[in-house]
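Results of the structural survey
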Amino acid sequence: MTKNLEISAGKEPEIGTSQIALLENLCNATAVSGDEHEVRQIVIEAIKLVADDLKVDALGNVLATRFGRGENRVRVMLAAHMDEIGFMIVKKHEDGLFEFERIGGIDERQLPGKPVLVGREHLPGVIGAKPIHMTTTEERKKKIDVSAMRIDLGPEIGDKVKPGDRATFATRFTMVGPSIRAKALDDRLGVATLIELFKHAPDNIDLLAAFTVQEEVGLRGARVAAYTFDPDMAIAIDSTPAYDLPHWDDDDENDRYNTRLDAGPAIYVMDRATIPDRRLVNWLVETAAQADIPYQLRQPGGGGTDAGAIHKTRSGIPSVSVSIPSRYAHTAVCIARQEDWANTLRLLHTALSQVTPDLLAGERRD
Amino acid sequence: MIDLLALLKKMLSASGLSGYESPIREIIHEAWEPLTDELTVSKIGSLHGLKKGRGAEPRRRVMISVHMDAIGMMVTTIQDGLLRFTEIGGIDDRILPGQLVTVHGREAFPGVIVQPPAHLLPRSAGDGPVEMKYLFVDLGLDSDTVAEKVRIGDTISFAQEPLELTGEALAGHTLDNRVSVAAATLCLEELQNRHHDWDVWAVASAQEEETLGGALTSPFAIRPDIAIVVDVCFAKGLGSSNWRSLPFGEGVGLGYGPNIHPALYKAFEEKAMKLEIPHQRDLMPKMSGTDAMAIQVVAEGIPCMVLGIPLRYMHTPVETVSLKDIRRAGRLMAAFIADCEEACKDLTPDALDQN
């Protein structure tokens, strides 16, 4: 990797070929919750030259700081989780096939017939499925239980794979027209965004970047990262589902789309884990309106981000989440739009460049 | 020497759904060109390769039938830039969500099969396996582009890249039945250096997965004395452990049942034993599920043999095969053909009366 020493704080970040190449590396890496090693290395390599302080904490979070200049700097924590959903090998069976367990929320209907990569060496394997010729009509109406699925790595796998090894979908990153297609866009899009923000940190803030672990299994990294940083405020940068598909019945409108592709960054007003500080929501919305950046309000409802842990850490940390919308999260293939990513980066950078202590002066109010 | 893995990967990269075989046919044409004396295409789209024998005319003829068509899907309607589809060949709906595909519109577009969330489906459809009619293909393109470039009836093929597993195992889509095309190619290569009296007609047949159209028409044109069908058979593995499944990578299946002429079975078994080529009897009590079902009843009837290459996870995009079994099938066929006259001496009605 070249040492780009021309990076200067405050310069406007954008999405170009090098950012896309970085996202590709991030998406193709394996970092199942609990073993985020590969993504951690990519992150450290990407930011170490511009970090004023950089450390890996006890859980594996990468905590990096860039100090601004001048008086009255706001200490802003930005969190993006490095981990992804995936699998752990739990048993080798006598027939040479491996039983596995899901890590994170994965619909078992997404698994039969999928290629996977197992372990740190990315050994290729497949989750097989019974030939249709051997199934009955009744059987095909039932879901296949995960305990009945196996990963097959070929007849001579020997002891190259063992219980405890992690696995991910084998999908490789690709750009398709206006879209990005990859596994783990949740939350490598957030990680890539945070790296760009960190490289272009505005002077008016101390940027406290937390590349967190174990988000998908309980927001564990974010909690300790927030404790360590003790920030004035926090933003979780994540990727949230876009369910912007037609209803099966043409007469019915899809009014539960969560977010839509092409509509810009999704600002959270409420999810299952967080009721964001409305001052932060308004700040983002007003910034977007003033700078003419497209944005959308994520429909209130389920789901959660690192903000769910951060906002309740210490004596409370005003928090909000911003997500890049992506279709088909937690499956082998996610689709997001490059333009939504670019607009998310723009919105966050513009908002952070303008933030002052006044935003959080006084009591929380709506 | 043919690089088997490279040949297979090249064939897997080409589409060729039943009735739409021209992309794969061109690749097979290229592979068979140096190995045959004549290549023609039948009216239904099968590829016929003739490698002439050295016997006195009129020569007898052996036909090798390997179907080249693939299972896949076809666009039924377009809704908000997303494609609904139906199947070509037999596909279990449950393996579809999240699969990579190629949509053959006015150009080839990469896509992914999408399972909509439960709240966008009828109440009864959300929890269990989602039926094909509720699934979509998402091309990642805006709806105007999709409307301009994709039409009802465009084919959709699986696009998962093949994966090399351990022990010379290869996983991918459409190994059914490109592995048998590869075996026939290896056989033709081996015959380059061997004397054979009979004419060899290698047929890459069309439409096996839907209509058996290729297998019904090619033998009528060729009128072979015997036919050897190579197709995949079930390998033991996940959900496939009963008598219908053969151990994986441990030898070619020799089909046994009413589609197969017993004298041909016997001759193949003897040849395999003599050459110490690992093989296993593959019981087909009612029918073989292969081109042999059609070939057997063409014209006055044609004696058939079925060779099976054991395959795991049939009709999924991660079908898995052992390269060893492909080589074995090619070698066994070549050895049999080089010795056809002798091997077929018992091919008489009397053979049907023997046990």
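Summary of the structure given here.

Reading the values: rules and limits
- Residues numbered from 1 in each chain as written.
- Chains lettered and ligands numbered in written order.
- Predicted model: local features only at pLDDT ≥ 70, side-chain atom pairs only at ≥ 80, totals over all residues.
- Helix = DSSP H or I, 4+ residues; strand = E, 2+ residues; numbered from the N terminus.
- Buried ≥ 20, exposed ≤ 12 C-beta atoms within 10 Å, placed from the backbone.
- Contact = placed C-beta atoms within 7 Å.
- Nonpolar A, V, L, I, M, F, W, Y, C, P; charged D, E, K, R; others polar.
- Arc of directions from axis to C-beta.
- Pairing = 2+ DSSP bridges.
- Axes fitted to C-alpha atoms, helices over the stretch in contact; angles between N-to-C directions.

Glancing now at the overall build of chain A. When helices and strands are counted, chain A shows seven helices and 17 strands. Referenced to the eigenvectors of the C-alpha coordinate spread, the extents of chain A come out at roughly 70 × 50 × 40 Å. For chain A, the proportion of its 366 residues judged to be buried stands at 56%.

Of note, the bond from D186 of chain A into D187 of chain A is cis; its omega dihedral lies within 30 degrees of zero at 15°. Locating D187 of chain A in the fold gives a position in helix α3 (residues 185-199). Following D176 of chain B, the chain continues to N177 of chain B via a peptide bond in cis, the omega torsion being 20°. Its location among the elements puts N177 of chain B in helix α4 (residues 175-191). We note that T174 of chain B has phi near 65°; this positive angle belongs to a residue other than glycine. Relative to the assigned elements, T174 of chain B resides in the loop between β11 (169-172) and α4.

Interface size is commonly expressed as the accessible surface area that is lost when the partners come together. With 55 residues of chain B in contact, the opposing surface of chain A contributes 50 residues. Where the side of chain B that touches chain A is concerned, the elements lending two or more residues are β7 (108-114), β8 (136-138), β10 (163-165) and β11 of chain B. Taken together, the residues of the side of chain B that touches chain A break down into 29 nonpolar, 18 polar and eight charged.

A few words now on helix α2 (residues 22-32) of chain B. Residues I24, R25, I27, I28, A31 and W32 of chain B constitute the buried set of α2 of chain B. Within α2 of chain B, the buried residues cover an arc of 160° as seen down the axis, which keeps them to one side.

All names here are of chain A. Reading across from one edge, β10-β11-β17 is the order of the three strands in this open sheet, with antiparallel pairing throughout. Only two strands of the sheet have a single partner each, and these edge strands are β10 (174-176) and β17 (334-337). When the angles between neighbouring strand axes are averaged without regard to direction, this sheet yields 30°. As paired strands, strand β11 (residues 179-182) and β17 are joined by four bridges and run antiparallel to one another. Bridged to S179 within β17 is R337. Packed onto the sheet, α3 meets β11 and β17 and runs at close to 35° relative to β17.

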